[in-house]
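# Architecture at a glance
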Amino acid sequence: MLVYKIEDYVKEINRCLQCNFCLATCPVYKEDMVESSVARGRINLINAAMVEKTIPLSDRTRELINRCLLCTSCMQGCPSGIPVDDIIIAARHELFNKFGFGYVEKFVFRQVLNRRSVGTLATRAVSLLKKFNLFPGPVPPLASPPFEQRISGTVSPSGAVRARVAYFTGCGTNFLYPDTGEAVVKVLVENGFEVVIPPDQNCCGIPALAHGDQQAALEAIRGNAEIFASLDVDAVVTDCTSCGYMLKVKAAKVLPPGDPCRSQVSAVAGKVFEVTEYLAGLGLDKTPRPQSTRITYHVPCHRAWSRGLPEAPRNLVALVPGTELVEMRDPQGCCGAGGATFITHPGLSERIRSRKLDDILDTGAEIVMTQCPACRYYLTEGLKEKGGIRVVHPVSILAGSY
Amino acid sequence: MLPISGLLKDLRSLVDRGRVLGDVEDLLAYANDATHRQVIPAAVVIPESPAEVAAVLRYANEHRVPVVPRGAGSSLAGGATPSPGSIVLDLKRMNRIIEVDRKNLTAIVECGVVTQKFQETVESMGLFYPPDPQSMSVCTMGANVATRAGGPRGVKYGTTKDYVLGVEAVLPDGSVINYGGKSVKMSSGYDLARMFTGSEGTLGVITRVMVKLLTLPPCRRTMVAAFPELDPAAEAVSAIIAEGANPSCLEMLSQSSVMLIENYIPLGLPRDVEAFLLIEVDGHPAKVEEDCELITGVCRRHGVKEVRTARTEAEAERIWLARRALFPAVAHMAPNVLIEDATVPRSQVPAMVRAIGLIAQRNQVTIGVSGHVGDGNLHPGIMADKRNPELMERVDRAMAEIAREALRLSGTLSGEHGIGTIKAPFLEWEFGPEGVALMRRIKKAFDPNGIMNPGKIWPGSGGDAGV
Ligand SMILES: Cc1cc2nc3c(=O)[nH]c(=O)nc-3n(C[C@H](O)[C@H](O)[C@H](O)COP(=O)(O)OP(=O)(O)OC[C@H]3O[C@@H](n4cnc5c(N)ncnc54)[C@H](O)[C@@H]3O)c2cc1C
Ligand code: SF4
Ligand code: SF4
């Protein structure tokens, strides 16, 4: 039984005040400048096409519903607390039931992300797709070997153990940026934390969920809940703000009522922290060495699940002597990646990104830090021809000082 | 009327095709404003210049197609609700700030400039544009002029109408008029800028506005006063102003409002009182200090239980956070909330608040009262559910009774939202048949074919060119 059904959101849809405040922050609206790209417009469309069924499920409906980054910017200023992302996900599920996935999405979400043990196979398959030009957008190069083949099991600090934490390794770190994973482990261990990295972790499930494949998301969530609930740890940390959003908030919503995994999922959710927030909250044991760099911070969109999230990286780099944090114009403005939107809507994503790149370049920073691997990938690509500004996870900056 | 496909084809010959929308999926996003009633228009056109606006109006005028100007579609009066078969003109792409003139303290903006963006721009230059509709993160300058929008600062600074120096507007025949300028004084001819101010899109399209600016006040102070009873609180409001304190905001929250806020974000406000006054004073530090003392004294004489002045920016921000939290808190109470806008002379606020209580009882509806009491502008929030027709009937009745009561107390139907469609049936109560007849004749002079935003301000306006 699946839970993201549009019928279950009728109440929320009707609660929308129709104030259009969501127009102020939507990165897609900023580019398109038509109201059908605003959350209110999408809600009205979903209501007409899927609830009241006064218009058919057309290609245009599909395009407008898919033309959302699920960035949640609209929700942060919504006076009525409308769960816009859940409503869009439910609508996409409806579309998925009717039209299914395109083969690319199917391949990425079902095969690559949810069967991680075949990582190397996935690498080969992606490069094949790429070779035959079957991938519509830019394809991230996969890391070899993936993180899970680099570090696993338990890594202990040399001195006393402050706390025992499990490390949820998201797909971004595993397949694209094992360096982030290595930095996370290093910084945690140097600060007295024992790190447990369980094998056979799943994707958090958010990409599949975002594109309407709830079944795949559900399988991923159940698998992870079983693994992490069975560990004797004080916290579950993640380096990825979207994985955190999924584990902390969304997973419980995806589970059908009475699901046997429910207690495990909520037990894990209670312990989830984004790694910089965890570190900033408990404080560093080890003083970082000085390094002289000019840093700017791109705040990832999925930040509302934890209050201190946007401040934590700023507070942490402030502890590294010699670093200078230069704020960019709109640190919270979306980079355009939007999960996999940059693959499905490359033109739109590029236009959103170009604003962001200007803001970054204006700071004169050498390093952009951000906690989201999709942002990192997408900004890195955009900055390639702009003087090689590096994009890294904030823990990597700390790791560089140990 | 033209068949739709012909209309779209014609419009696409006037304006770049990408800026003419005709698919129902897109039109749905333009089918309503913040008042919920949906009418799907025939087309949406997104012009980028006054010339394009003129081309569309000329065409529409010739073919008798209704035109509905639209900013952000945040109207609470139904002013931006499309008419059947209409062309909606989405003006948000005309969003340049043309000029900020420091020497003369004026600015010229295109109609689609977002109010908050404009405020931030002038404030970064040490200047000040006071009108502060609470929708300022999205609403547009042209629409603010078209509705005479205002906000909490109205008590000291007035509303948009007090800042308009001039307009550029396109008339239905495609001609462009320019009225007003930088001169502080002007006594030439009819005040056409005033004509467009509050015209709600029924006379033509405002494409540019020239507004007056002030310099940014150097000092700002926030106070909160808790009164055990409502009446003395309301009397304190009149006294504060009568004694010359000149606060920049003077808001009242009823006990039920405060309870709502406390449940939504706890701020530690006392719960055993009937009313709160939120007061802001701004200006030169010495005068601000003096005003704060004067206000504290007035509150004490009116039996205040507690009055405090925020010592830090953060504390002041917390107090205004409470005020802003009211709307979301109210929104959580019912599926829909209709925000009323009746306004009475300041001295009648206590009578109006009592009357609203009785109206709520009589019609068995829940009404939360808050508002800008300093200028008599109340915002009763009526709990509604648009899917419950029986309840909606009672809600409509309550709205009409509130309107009548405000007029009986020498007030007005609307302080800042405009008449739109939802108060159109009441207009005659305020101005009598003669007043409305004159308005009709004025409209006819601007818009002889009645194409501009028909059905707004008075019932059937513009219909079949009856105007
Ligand atoms: C949550 C909420 C809070 C609000 N708070 C306030 C408040 O505190 N104070 C206040 O005054 N209002 C408030 N409003 C109402 C609304 O935001 C204002 O009336 C605002 O001026 C409308 O701006 P808009 O750009 O959304 O215009 P729209 O809603 O699109 O249009 C409003 C009217 O102006 C006409 N119009 C728009 N642009 C032009 C133009 N260029 N030329 C001619 N006619 C035009 C339209 O035809 C329509 O009649 C609030 C609304 C909401 C939803
Ligand atoms: S901001 Fe929220 S309540 Fe307002 S229109 Fe958008 S989704 Fe609806
Ligand atoms: S989630 Fe982001 S892209 Fe989607 S409607 Fe909201 S603000 Fe726009």
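Residues numbered from 1 in each chain as written. Chains lettered and ligands numbered in written order. Predicted model: local features only at pLDDT ≥ 70, side-chain atom pairs only at ≥ 80, totals over all residues. Heavy atoms only, no water.

## Some thoughts on the overall build of chain B
Put simply, the rule reads: The way it works is that DSSP assigns letters per residue, a run of H or I at least four long becomes a helix, a run of E at least two long becomes a strand, and they are numbered from the N terminus. In this description the radius of gyration comes from C-alpha coordinates, and the expected globular size is given by 2.2 Å times residues to the power 0.38. The rule is simple: take the accessible area with a 1.4 Å probe, protein chains only, and divide by the maximum for that residue type; under 20% is buried, over 50% is exposed, in between is partly exposed. Here, residues are in contact when the closest pair of their heavy atoms is within 4.5 Å. Here the accessible surface of atoms and residues is derived via Shrake-Rupley with a 1.4 Å probe, and residues count as covered only by protein chains that are part of the display. Two residue types count as positive, namely Lys and Arg, and two as negative, namely Asp and Glu; His and chain ends fall outside the count. Lysine's charge is taken at NZ, arginine's at CZ, aspartate's at CG and glutamate's at CD.
Helix and strand content of chain B: 14 helices and 20 strands. A compact globule built from 467 residues would reach a C-alpha radius of gyration of about 23 Å, and chain B, at 23 Å, matches this within 12%. Principal-axis analysis of the C-alpha atoms places the extent of chain B at approximately 70 × 60 × 40 Å. Burial status across chain B gives 59% buried among its 467 residues. Here the analysis covers contacts within chain B between residues at least 6 apart in sequence; of these, 70% occur between residues at least 24 apart. Of the roughly 18,700 Å² that chain B leaves accessible, carbon and sulfur atoms contribute 53%. With 50 positive and 54 negative side-chain charges, chain B shows a separation of 2 Å between the mean positions of the two kinds.

## Focus on the site of ligand 3
Residues and elements named next belong to chain A. Which entries qualify depends on this criterion: Note on terminology: near, applied to a residue and a molecule or strand, indicates that one of the residue's heavy atoms is within 4 Å of it. In this classification, the charged set is Asp, Glu, Lys and Arg, the nonpolar set is Ala, Val, Leu, Ile, Met, Phe, Trp, Tyr, Cys and Pro, and all remaining amino acids, among them Gly, are polar.
Neighbouring ligand 3 are Cys26, Pro27, Val28, Arg42, Cys68, Leu69, Leu70, Cys71, Thr72, Ser73 and Cys74. Among the elements of the structure, helix H2 (27-32) and helix H5 (73-76) are those that each provide at least two residues to the shell around ligand 3. Tallied by class, the residues present in the shell around ligand 3 amount to eight nonpolar, two polar and one charged.

## Remarks on the packing of helix H4 (residues 59-66) of chain A against helix H6 (residues 84-99) of chain A
When two helices pack together, their arrangement is given by the angle between the helix axes and the distance between those axes. Residues and elements named next belong to chain A. Cut-off, in case you're wondering: Working convention: axes come from line fits to C-alpha atoms, limited for helices to the stretch in contact. Angles between N-to-C directions cover 0 to 180 degrees. Note that the term roughly parallel is reserved for angles under 35 degrees, roughly antiparallel for angles over 145, roughly perpendicular for angles of 65 to 115, and oblique for everything else. Should the near helix be turned counterclockwise from the far one by less than a right angle, the crossing is left-handed, whereas a clockwise turn marks it as right-handed.
For the pair H4 and H6, interaxial distance at closest approach is 10 Å and the crossing angle is 140 degrees. One element, H4, and the other, H6, form an angle in the oblique class. Considering the relative orientation of H4 and H6, their crossing is left-handed. On H6, the residues touching Arg62, Ile65 and Asn66 of H4 are Ile88, Ala91, Arg92, Leu95 and Phe99. Tallied by class, the residues present in the contact of H4 with H6 amount to five nonpolar, one polar and two charged.

## Here's the deal with the site of ligand 2
Around ligand 2 lies a shell of 13 residues, among which Cys16, Cys19, Asn20, Cys22 and Cys78 of chain A are the nearest. Of the residues contributing to the shell around ligand 2, the split by class is nine nonpolar, three polar and one charged.

## Focus on the side chain of threonine 296 of chain A
Residue and element names in this part refer to chain A. Tracing the sequence through the fold places threonine 296 in strand S6 (residues 293-297). When its relative accessible area of 0% is taken as the criterion, threonine 296 is described as buried. With near-sequence residues (within four places) excluded, threonine 296 lies in contact with Leu325, Val326, Glu327, Met328, Ile360, Thr363, Ala365, Ile367, Val368 and Met369.

## A short note on the interface of chain B and chain A
The test is simple: Summed over both partners, the accessible area lost on bringing two parts together, with a 1.4 Å probe, is the buried area. Here, a salt bridge means any side-chain nitrogen of Lys or Arg that lies within 4 Å of a carboxyl oxygen of Asp or Glu.
Taken together, the contact pairs 36 residues of chain B with 28 residues of chain A. Buried area between chain B and chain A, both sides added, is near 2,500 Å², and the carbon and sulfur share of it is 56%. Among the residues of chain B in contact with chain A, Glu25, Leu28 and Val138 of chain B are the three that bury the most area, contributing 21% of the side total. On inspection of chain B and its partner chain A, the count reaches three salt bridges. Arginine 60 of chain A is the partner of aspartate 26 of chain B in a salt bridge, and the nearest nitrogen-oxygen pair spans 2.9 Å.

## A closer look at the environment of lysine 356 of chain A
Residue and element names in this part refer to chain A. Using the following cut-off: For this analysis, a polar contact is any N or O atom pair within 3.5 Å, provided that within protein one partner can donate a hydrogen and the other can accept it, and provided that sequence-adjacent residues contribute only side-chain to side-chain pairs.
The residue lysine 356 is located in helix H18 (residues 346-363) in this model. Sequence separation between lysine 356 and histidine 298 is 58 residues, and the spatial gap between their C-alpha atoms is 8.9 Å. Setting aside its immediate chain neighbours within four residues, lysine 356 contacts His298, Met328, Asp330, Pro331, Gln332, Gly333, Cys334, Cys335 and Leu379. Only 2.8 Å separates the side chain of lysine 356 from the backbone oxygen of glycine 333, close enough to count as a polar contact.

## Topic: the pairing of strand S5 (residues 97-101) of chain B
Residues and elements named next belong to chain B. Heads up, the condition is: One bridge is not enough; two strands pair if DSSP finds at least two bridges between them.
For S5 and strand S6 (residues 106-110), the ladder comprises four bridges, and the chain directions are antiparallel. For isoleucine 97, the partnering residue across the bridge sits in S6 and is valine 109. In sequence, S5 turns back onto S6 through a hairpin of four residues, with leucine 105 there showing a positive phi of about 55 degrees.

## As for the domain arrangement of chain B
All names here are of chain B. What counts, and what does not: Each domain span listed reflects an automatic or database assignment of domains.
Partitioning chain B into structural domains gives domain 1 (4-92), domain 2 (97-215), domain 3 (219-328), domain 4 (333-408) and domain 5 (423-467). Here the C-alpha centre of domain 4 lies 23 Å away from the C-alpha centre of domain 3. Roughly 1,200 Å² is buried in total at the junction of domain 3 and domain 4, and carbon and sulfur atoms are behind 63% of that figure. Summed over the three residues of domain 3 that lose the most area to domain 4, namely Asp231, Ile241 and Met252, the buried surface amounts to 30% of that side. Where domain 3 packs against domain 4, one counts one salt bridge. A salt bridge links arginine 354 to aspartate 231; its shortest N-O distance comes to 2.8 Å. Inspection of the region where domain 3 meets domain 4 yields five residue pairs in polar contact (both at pLDDT 80 or more).

## Notes on helix H3 (residues 50-63) of chain B
The line we're drawing: Multiply 1.5 Å by the residue count of a helix minus one, and that product is the helix's expected span.
Over its 14 residues, H3 of chain B extends 20 Å from the first C-alpha to the last, a length consistent with the 20 Å expected when each residue adds 1.5 Å. Those residues of H3 of chain B lying buried are Glu52, Val53, Ala54, Ala55, Val56, Leu57, Tyr59, Ala60 and Asn61 of chain B.

## Remarks on the domain arrangement of chain A
All names here are of chain A. Taken as a whole, chain A is organised into domain 1 (6-97), domain 2 (111-279) and domain 3 (286-399). Listed as interface residues are 14 residues of domain 1 and, on the opposing side, 15 residues of domain 3. Interface area, domain 1 with domain 3, both sides summed: about 1,200 Å², of which 52% is carbon and sulfur. Linking domain 1 with domain 3 are one salt bridge, by the criterion used here. As a salt-bridge pair, glutamate 31 and arginine 355 come within 2.7 Å of each other at their nearest N and O atoms. At the junction of domain 1 with domain 3, the criterion picks out five residue pairs in polar contact (both at pLDDT 80 or more). Counting only elements with at least two residues in the side of domain 1 that touches domain 3, the list comes to H2 and H4. In terms of residue count, the dominant contributor to the side of domain 1 that touches domain 3 is H2 (five residues).

## Concerning the pattern of salt bridges
One pass over the structure, following the stated rule, counts 46 salt bridges over all chains. When the shortest N-O distance is used, the salt bridge between arginine 164 of chain A and glutamate 194 of chain A registers 2.9 Å. Here arginine 164 of chain A, found in strand S2 (residues 163-168), pairs with glutamate 194 of chain A, found in strand S3 (residues 193-197); they are 30 residues apart in sequence, far enough to count as distant. Overall, the relative accessible area of 13% leaves glutamate 194 of chain A in the buried class. Note that lysine 182 of chain B is salt-bridged to aspartate 101 of chain B, the shortest N-O span being 2.9 Å. Highlighted residues: lysine 182 of chain B in the loop between strand S9 (176-180) and helix H7 (192-196) and aspartate 101 of chain B in strand S5, separated in sequence by 81 residues. With a relative accessible area of 29%, lysine 182 of chain B lands in the partly exposed category. Take aspartate 101 of chain B: its relative accessible area is 12%, and that puts it in the buried class. What you see here is one network of salt bridges that share partners, running through Glu35 and Arg40 of chain A together with Arg70, Asp90 and Lys92 of chain B.

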